[in-house]
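Spelled out, the chains give:
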Amino acid sequence: MQTKNIMIVGVGGQGSLLASKLLGRLLLTKGYDIKVSEVHGMSQRGGSVVTYVRYGEKVYSPVIDKGEADYIVSFELLEAARWTEYLKEGGHLVVNTQQINPMPVITGAAVYPDELVAKMKEKNIVVDAIDALSLAEQAGSAKAVNIVLMGHLSRSFGFELEEWMKAIEASVPPKFLELNKKAFLLGREA
Amino acid sequence: MKQLMLGNEAVARGLYEAGCAFVSSYPGTPSTEVTEAAAKYPEMYAEWAPNEKVAMESAFGACLAGKRSFCGMKHVGLNVAADPLFTISYTGVNAGMVICVADDAGMHSSQNEQDSRHYARAAKIPMLEPSDSAEALAFTKLAYELSEQFDTPVLLKMCTRIAHSQSVIETAERVEASKPYEKNPQKYIMMPGNAKKRHPLVEARTQALVKWAETCAINRVEEGSDHSRGIITSSTAYQYVKEVCGDTYPVLKLGMIWPLPEKKIIDFAASVDEVVVVEELDSFIEAHCNALGIKVTGKALFPCIDEFSQNLVAEKLGKAAPACGSKVEDAIPPRPPVMCAGCPHRSLFYTLAKNKITALGDIGCYTLGAVAPLAALDTTICMGASVSGAHGFTKAQGGAADNKTVAVIGDSTFMHSGVTGLINIAYNESNTTVIIVDNSITGMTGHQQNPTTGFNLKGDPCTKIDLETLCRAVGIKRVRVVDPYNLKQTEEAILEELAAQEPSVIISRRPCALLKYVKHNPPVKVDADKCRSCKLCMKIGCPAISMKDGKATIDNTLCTGCSVCTQLCHFGALCEGKEA
C-alpha cells in the first residue's frame, strides 16, 4: 500500500503527543511500518506545533511535506489554516472550531482571520469542523479535546471501535480512562 | 517484541542492552530524552551533571573504572565538553565509552546550526550516525564494541528528526559487561612525554578504523536500477533520498561518518556516471570525496542551511514533488512560542524594560524575555555568557554602565557555567549586577532537576546547592532574594542593587508555574466598568490577557492568578480572583 500521511497540528500544550501515541499504538498492532515525528523543546511553549504520523509497508521520511497529507487533525482553527497546503487535493481536515489567539493577535500586531471554516470549505478538501472543546467539557475535562478529535478521525479508518479502545487503555493513566473513552465516543459520533 | 520508540529512547535501550552502567549528561534539546529514558532502567546509574564537561569527564572516570559508560548532550554542549574530548581520544578507554551528540539542523530549539561531525575529525574519534530508531539502538550497541576493540571513545551523532521521531524497533536482553581497572600511567597521564607516545597510536587507530569502514555492514551500497547517478548520503538525508528515489539510483548509505572509507567510495563512484552527495548542513562527505579526487555534486546543489525535506530533495534531484495543497488566502498570523501565563520571569523582564536597563541574557525559557512586548534582552549567546558578558560590558563602559546593566541567568544555567563568570566579577571587581532567575527547575528542556532543586535525575531527594551561600562564598557581599510576583519589591531591589557601588546578585525566586506541585490561585477577575482601556496590562505579554470590545479580558483556562497584572492596573479593574 502507499504510505498514508496524517498531521496533528495545534498549539503547544494542547496534547498532540498523546494523540499521536494513541494512533501509533493502534497502527503498530496492525503490522504497519510507522514513523511519528514530534516537536519538543522551545517551540512547545505556546507555539505552533505539528506532529507527523506516517504508516504503510515501508516508511522512509519521518516528516510530511506540502501536498502530501491525507488527513490533518487540527486542535485549533488558525492552525488548520496554517497547514492546509500540506493536504493533498481532496484531503480530509478534522478541525476544532476553538480559537486561541497567538501573541501577535493579542498585542494587536496581527488580525485573526474571520470565516476560516467557510474559506477552507471552498477549497478542494473535505472539512469536518467540530466544537471539540464543548464535547471535551461534556466528557468531563477541557483537556480531552485531543481525544475528541481522534474519535472523529477514527471514523475515517476501517479499524474496529474495540481496537481504538484498547489503544486508549494502553495510552492513558487508569484514572482518566473513563473520561477519555467518553470523549472519544463523543468525537466519533460528532 | 516490536515497539514504536523515539530515537532518543532507542539510544537508551541500546545503552541498556549493551550493559552500560553509568550515564551522566546535561539536558539539551534534542538530546534530553536519551538520559531521561536511561534513568528508567534500574540497572543503569544515571545522573544530570551540572554541565557537559563534567558529564564527559565523569563518564570517562566510569569507563576507566571498568564499566561501560555514556554521556549525552546537544551540539553546543559538545563545545563545552570539547576539552576532555580531544584528550580522551589520546588515552582511549578501559571499558567502552559512548558520547551522544544531537545536532539541530533547522534550529528548532538552538542558538546555532553547527555541524558536530567536524568534532569527530578534529578529535580523531569515530562517529556513527543512525537514520532511524532501529539503527539508533543497533549503532549504540555497536559503538561499545568499537570503543573496546579500537580503544577509543565513540561518538554517536543524532539529529532532531532522528532523536524526536518514533519508529519500529525490536528489543533484546541486556548483556552485562565490565573490566578490571589497572593502573597505566603511560596510557592515562597525558603529560607531554606520554602524550607524544599516544599521538602516533591515535593516527594508527584512525587508519585501522578506515580499514574497518571499508567492509563494515553499516556502510552499505543499496543497489539501484539506474546507474546514471549514484547517491552518497547518511542520517535523515538518507530517508529523504529513499522517499523520493526509492530503488532508482544506487545509494551508498554511510552509517559511520568518521573515519570515512576510501576504496568503498572510489569503487562506488566508478560504478555510476555521476555522484551526488546529499548531506544536511556542511560539506563533510563531499569534502572527503574531493580530497580523494572524486568529482561529486553536493553543496553546489543542496543548501548548507536549514534541515532538508523530501520535497527539497526531489526538487534538487530533478524529480517531481507533489503539488502544494490549497492555501487560505488570508495572511495567517505567526504563533511564536511565548512565556506561559503565570511565568515568574515575566514581571522581572517587565521591570527591566520599564527602566530601560541593558540586560545580557542567557539560555533557557527566559530567552523569551527578548520577544515583544517585553523585548527586555540585549544578547543571547551561550550558557553562562550573560554573567561574563556583563562583566566585560561594565568594565569597558567604566562608570557609564554602572546603573544600567545586568546579567539575567537561570538557576540551572548558573550552575552550568554562570558561577565561573561570577567569580570573575568578584575577583576582578566589576560593578556588575547579576540576576539569577531561580524557577527551581530546568524549564525549557522540559523540567529536569539540577543541583539547586534538591532532587536528582531519579527524583530522589539529594543535596541542594544553596545559591545565596554559593554567591557569598565566591566573594559577592550583596546577595538578596525577591519574589518576582511582587512588582514593587522586584523594582526596588533592581534599582538599589544597580545603584550600589559594588557587585551584587539578585535571586528572583518563584517556581515554574507548570510544576505539578505549584498551586494556582483562582483566575484574576475583571471589573469591566472600571477598565479605562489603557492597555497597560497588555505590556507584560501574558497570553491570558486580551482586549475584547475595548476592555481587558482574562482567559480563565490559562490564568494562574499570579496577580502581576492586578498590580499594574491603576484603576482597580483587575483584582485577585479570591477577593471577588
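Residues numbered from 1 in each chain as written. Chains lettered and ligands numbered in written order. Predicted model: local features only at pLDDT ≥ 70, side-chain atom pairs only at ≥ 80, totals over all residues. Heavy atoms only, no water.

## Side note on the overall build of chain B
Using the following cut-off: Secondary structure is summarised from DSSP: a helix means a run of H or I of at least four residues, a strand means a run of E of at least two, and numbering begins at the N terminus for each. Atoms counted for the radius of gyration: C-alpha only. Globule rule: 2.2 Å times the number of residues to the power 0.38. Only protein chains enter the area calculation, which uses a 1.4 Å probe; residues under 20% of their type maximum are buried, those over 50% are exposed, and those in between are partly exposed. Every residue pair with non-hydrogen atoms within 4.5 Å of one another is taken to be in contact. What sets the accessible areas is the Shrake-Rupley method with a 1.4 Å probe; for residues, cover comes only from the shown protein chains. All tallies of charge rest on Lys and Arg as positive and Asp and Glu as negative; His and the ends of each chain are not included. Where a charge lies is defined by one atom per residue type: Lys uses NZ, Arg uses CZ, Asp uses CG and Glu uses CD.
A tally of regular secondary structure across chain B gives 20 helices and 23 strands. Relative to the 2.2 N^0.38 estimate, which gives 25 Å for 580 residues, the radius of gyration of chain B is 27 Å and therefore close to what a compact globule would have. Burial statistics for chain B: of 580 residues in total, 59% are counted as buried. The long-range fraction of contacts in chain B, counting pairs at least 24 apart against all pairs at least 6 apart in sequence, stands at 75%. In the form shown here, chain B has an accessible surface area of approximately 22,400 Å², with 54% of it arising from carbon and sulfur atoms. Averaging the locations of the 58 positively and 64 negatively charged side chains of chain B gives two centres separated by 4 Å.

## Quick word on the interface of chain A and chain B
Stated precisely, the cut-off is as follows: Summed over both partners, the accessible area lost on bringing two parts together, with a 1.4 Å probe, is the buried area. Basic side-chain nitrogens of Lys or Arg form a salt bridge, by our definition, when they fall within 4 Å of a carboxyl oxygen of Asp or Glu. Under the scheme applied here, ten amino acids are nonpolar (Ala, Val, Leu, Ile, Met, Phe, Trp, Tyr, Cys and Pro), four are charged (Asp, Glu, Lys and Arg), and all others, including Gly, are polar. Only strands that DSSP links by at least two bridges are regarded as paired with each other.
Tallying the contact residues gives 55 residues for chain A and 57 residues for chain B. Summed over both partners, the interface of chain A with chain B buries about 4,700 Å², with 58% contributed by carbon and sulfur atoms. Applying the counting criterion to the chain A and chain B interface returns six salt bridges. Across the salt bridge formed by Arg-54 of chain A and Glu-243 of chain B, the nearest N and O atoms sit 2.8 Å from each other. If you list the elements that add at least two residues to the side of chain A that touches chain B, you get α1 (16-29), β2 (33-37), β3 (48-56), α2 (77-83), β5 (87-96), α3 (103-106) and α4 (116-121) of chain A. Residues of the side of chain A that touches chain B, tallied by class, amount to 26 nonpolar, 14 polar and 15 charged. Sheet topology places β2 of chain A next to strand β8 (residues 165-170) of chain B; three bridges connect them, and they run antiparallel.

## What to know about the domain arrangement of chain B
Residues and elements named next belong to chain B. Put simply, the test is: The split of the chain into domains comes from an automatic or database domain assignment.
What the domain assignment reports for chain B is domain 1 (2-214), domain 2 (219-317), domain 3 (345-509) and domain 4 (525-575). Contacts between domain 1 and domain 2 engage 32 residues on the former and 29 residues on the latter. For the pair domain 1 and domain 2, the summed buried surface comes to about 2,500 Å²; carbon and sulfur atoms form 55% of the total. It is Arg-117, Arg-121 and Glu-214 that lose the most area in domain 1 upon contact with domain 2, and together they represent 26% of the buried surface on that side.

## Overview of the packing of helix α7 (residues 133-150) of chain B against helix α10 (residues 192-215) of chain B
Residues and elements named next belong to chain B. To keep things clear, this is the line we draw: All axes are obtained by fitting lines to C-alpha atoms, using only the stretch in contact for helices, and the reported angles, taken between N-to-C directions, cover 0 to 180 degrees. Should an angle fall under 35 degrees it is taken as roughly parallel, and over 145 as roughly antiparallel, whereas 65 to 115 is taken as roughly perpendicular and any remaining angle as oblique. Should the near helix be turned anticlockwise from the far one by less than a right angle, the crossing is left-handed, and should it be turned clockwise, the crossing is right-handed.
Interaxial distance between α7 and α10 falls to 11 Å at its minimum, and their mutual angle equals 135°. By the criterion of interaxial angle, the relationship of α7 to α10 is oblique. The hand of the α7/α10 crossing is right-handed. In contact with Leu-142, Leu-146 and Phe-150 of α7, α10 contributes Arg-205, Ala-208, Leu-209 and Trp-212. A breakdown of the residues in the contact of α7 with α10 according to their chemical character gives six nonpolar, no polar and one charged.

## Section: the sheet that holds β2 of chain A
An order of β6(A)-β5(A)-β4(A)-β1(A)-β3(A)-β2(A)-β8(B)-β1(B) is seen for the eight strands of this open sheet, with the pairing classed as mixed. Pairing within the sheet leaves two strands with one partner each, and these edge strands are β6 (126-130) of chain A together with β1 (2-6) of chain B. Strand-to-strand, the axes of this sheet are offset by a mean angle of 20°, without reference to chain direction. Relative to β3 of chain A, α1 of chain A is tilted by about 5°, and along the sheet it contacts β1 (4-11), β2 and β3 of chain A together with β1 and β8 of chain B.

## Notes on unusual backbone geometry
Residue and element names in this part refer to chain B. A cis geometry characterises the amide bond from Thr-29 onward to Pro-30, with omega recorded as 10°. Residue placement: Pro-30 occurs in the loop between β2 (22-25) and α2 (32-38). In this structure, the amide linkage connecting Trp-258 to the following residue, Pro-259, adopts the cis form with an omega of -10°. Secondary-structure assignment places Pro-259 in the loop between β12 (256-258) and α12 (263-270). Not every positive phi belongs to a glycine, and Lys-356 is a case in point at roughly 50°. Within the secondary structure layout, Lys-356 lies in the loop between α15 (345-354) and β15 (358-360).

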